[in-house]
Amino acid sequence: MNLSQLSPFTPAVIDEVESVSGNDPIAKRLRELGFVNGEPVRIVARGPLGADPLLVQIGFTRFALRRAEAQRVRIHLAD
Amino acid sequence: MSHSLIALVGNPNCGKTALFNQLTGSRQKVANYAGVTVERKEGRFTAPSGRVFNLLDLPGAYSLDATSPDEVITRDICLGRMPGEAEPDLIVCVADATNLRLHLRFVLEVKRLGRPMVLALNMMDAARKRGIRIDREELERQLGMDVIETVAIRTGGAKALIEHLDRTVDTQAARPAAIEDDVHAQVRRILAAAVAMPRATSAIDDRIDRVLLHPVFGLAILAVVMFFMFQAVFSWAQPLMDGIANGVTAVGAWVTAMLPDGLLRSLVGDGIFAGLGSVLVFLPQILILFLFILVLEESGYLPRAAFLLDRIMFKAGLTGRSFIPLLSSFACAIPGIMATRSIQDPRDRLTTILVAPLMTCSARLPVYTLLIAAFIPARTVWGLFNLQGVVLFVLYVAGIVGAFAVASFIRFLRKDKSEHALLMELPSYRMPSVRNVAIGLWERALIFLRRVTTIILSVTIILWFLSTFPSPPAGATLPPIDYSFAGRLGHLLEHLFAPIGFNWQISVALIPGMAAREVAVSALGTVYAMSGTEDAVAAQLGHTIAAQWSLATALSLLAWYVFAPQCMSTLAVIRRETNSRRTVAVAAGYLFGLAYLAALVTYQIARVLS
């Protein structure tokens, strides 16, 4: 599954960030911001309209990602 | 003795600017880097030993693998590759002690450059409060650099850093350290070795966000905050604005009284002082609005507002990040356009700059008030609202709707359809520090005054010239402005403006009104040969125009003012911020086009109906 499908406050772990094109600057930046394999991740809030953007807690930081950005992040649920 | 040059680098939200303020106080110089609109901030401080340090506050960056103009500057200066900038003797990398997983990655990236550096471990007070324990010596060993604790928001919170710099700046050399390919894994190992964290987030942040980002309460709170802010801007500023207007008028009268009657006196009185007064008067509104914006920004709330509104603004071709610049534009488009620097995507930034002049700035109010008072009856509609208030509200809404429509249209036209990223960090909530807010206000006031006085001064002098020369012939019966260049131009424009219902008096007044919107009021007064203070002119003028203009003409002029870029300073700032004459031409062209179209539709419909 990907991060845009995750329910709020459900702990999950990142597998990887997929590039949607050969040179995907958004995927690259996501990796730089710490969206890398093994990192725990959680949705802590969603925008009031269309549940977009998503507020993602990763490590000690919160990032607002639009759904299209979150779709690049492949995850699995934490045990 | 030579001065040591120190560069401050760090992630956005690491408290770098607060540390810069703490170190340098108000001894700062703010400018742009050559050729780009990236802010260059330099300051200086003297250590107890008497040694003087020059401090450069580099733009915040998440990575040196640059994706924005800010990050390019930061990278090039760290490497000493930026033309015209000296290579720093020492890099001080600032990291938020409560956000080390993200910030240490950047520290390692800077370390890889192989330059002398120290780490300032900032926000140590917040870290202690949250029970975060950091083994500083272990961290120094792991990173291969000195690590100094700082609390940038507390007086004296940078003392240890100053002492350290004083002691070691000459002897600092780059220490080798192995940087692995997988920086994230290395960060994880360093954290495991040197840092103990009871929990990942601050419990208070979690609780506040549950309320402020709630789909219903969050939006309601945002609406209340905005309402309170505008209420304050308009009610608190009024006495100060009156004071400034009276002050400028008094000084102007005193100065002109000493000059002999003639051209010089007219230039000083009608040109310089009238021009300065018409702009200075907006300073209180701008400062009050910025007081709110700075406090909300420092506290961490504004990124939350951007989060709540991102979806709506994205649909309209903007981004949540446009919220702050557009909000500022309600006071004045000039600081609003300057605030677009915080928008990373160049396309989003350009769109925001182009629509910012559509927000109803305070300079439109004198014109709106004059026309509404003269033409709209003060009766109650739907048993609740005052019709005059409803019309004013409609004018505000028309600007916002216009901005959204234009932004959507720009997106439709744009060839580059690739995705726009949001990727916005929401920082921890913080108590705003009085010192940072005060320095921020001071900076903005200076920038506004410096820009506006130079631009407005030159423009008003040119317009004064156009409205004064040539002088009326002997035995002239019409007001002098009618014989001037501006008058002749106005008569030419009358043909162009006839379809939208403007008579020659309005056409003439619109020319000096290019300096600033509200100047049109006093210019109309001049054309109708009235004299006296602005208030007195406005009162007489109301009666005159109510008797001479049709309702359709008045509504048409209101519609014109919603869109028309009757403000040279705004166009000049667009030029500065985009470095492109083409953008200025596009902005002026489309705004005049829309204004004409809106006025035409309004005039023709109103004529048919009445």
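Novice: Describe in detail helix α12 (residues 301-315) of chain B, supporting the description with residues and values.
Specialist: Residues and elements named next belong to chain B. Helix length check: α12, at 15 residues, gives a terminal C-alpha distance of 22 Å against a target of 21 Å (1.5 Å per residue), a fit within 8%. L309 marks where α12 bends most, by close to 55°. Of all 15 residues in α12, 12 are buried; the element is thus mostly enclosed. When we look at burial in α12, the residues that qualify are L302, P303, R304, A305, A306, F307, L308, L309, D310, R311, M313 and F314. Note on α12: the residue one or two positions beyond its end, G317, has a positive phi of about 90°.

Novice: How would you summarise the domain arrangement of chain B if you had to cite specific residues and measurements?
Specialist: Parsing chain B into structural domains produces domain 1 (4-200), domain 2 (217-364 + 388-416) and domain 3 (450-609). Between the C-alpha centres of domain 1 of chain B and domain 3 of chain B the distance comes to 52 Å.

Novice: Describe the nonpolar core, and please don't skip the residues or the numbers.
Specialist: All names here are of chain B. If you look at the biggest cluster of nonpolar residues, it comprises 179 residues, and the most contacted ones within it are L8, C93, A95 and L119. Residue contributions to this core peak at 10 residues, all from helix α23 (residues 551-563). When near neighbours in sequence (up to four residues on either side) are disregarded, C93 contacts V9, G10, V107, V110, M117 and L119.

Novice: Residue-level account of the interface of chain A and chain B, with values.
Specialist: Taken together, the 27 residues of chain A in the interface contact 28 residues of chain B. When contributions to the side of chain A that touches chain B are tallied by element, the ones reaching two or more residues are α1 (25-32), β2 (40-49), β3 (52-58), β4 (61-65) and α2 (67-70) of chain A. Tallied by class, the residues present in the side of chain A that touches chain B amount to 15 nonpolar, 6 polar and 6 charged.

Novice: Can you tell me about unusual backbone geometry, naming the residues and giving the values?
Specialist: Residues D52(A) and P53(A) are joined by a peptide bond in cis, for which omega reads 0°. With respect to the helices, strands and loops of the structure, P53(A) is situated in strand β3. Look at F9(A): it is not a glycine, yet its phi comes out positive at around 60°. Take F9(A): it is sitting in the segment before β1 (12-17). Look at L423(B): it is not a glycine, yet its phi comes out positive at around 40°. Summarising the element assignment, L423(B) is placed in the loop between α17 (387-413) and β12 (424-425).

Novice: Explain the sheet that holds strand β3 (residues 39-46) of chain B to me, using residue names and the numbers behind them.
Specialist: Residues and elements named next belong to chain B. Pairing is mixed in the open sheet, where 7 strands are placed in the order β2-β3-β4-β1-β5-β6-β8. The outermost strands of the open sheet, each flanked by one partner alone, are β2 (28-32) and β8 (146-149). Each neighbouring strand pair of the sheet contributes to a mean axis angle of 25°, computed without reference to strand direction. Relative to strand β5 (residues 90-96), strand β1 (residues 4-10) is paired through 5 bridges, and the arrangement is parallel. Bridge assignment links A7 to a residue of β5, and that residue is I91. The sheet strands contacting helix α1 (residues 16-24) are β1, β2, β3, β4 (52-57), β5 and β6 (117-122), and the helix crosses β3 at an angle near 40°.

Rules behind the numbers
- Residues numbered from 1 in each chain as written.
- Chains lettered and ligands numbered in written order.
- Predicted model: local features only at pLDDT ≥ 70, side-chain atom pairs only at ≥ 80, totals over all residues.
- Helix = DSSP H or I, 4+ residues; strand = E, 2+ residues; numbered from the N terminus.
- Expected span 1.5 Å × (residues − 1).
- Bend = angle between axes of the 7 residues up to and from the residue.
- Buried ≥ 20, exposed ≤ 12 C-beta atoms within 10 Å, placed from the backbone.
- Domains from an automatic or database assignment.
- Core = buried A, V, L, I, M, F, W, Y, C linked by C-beta atoms within 7 Å.
- Contact = placed C-beta atoms within 7 Å.
- Nonpolar A, V, L, I, M, F, W, Y, C, P; charged D, E, K, R; others polar.
- Pairing = 2+ DSSP bridges.
- Axes fitted to C-alpha atoms, helices over the stretch in contact; angles between N-to-C directions.

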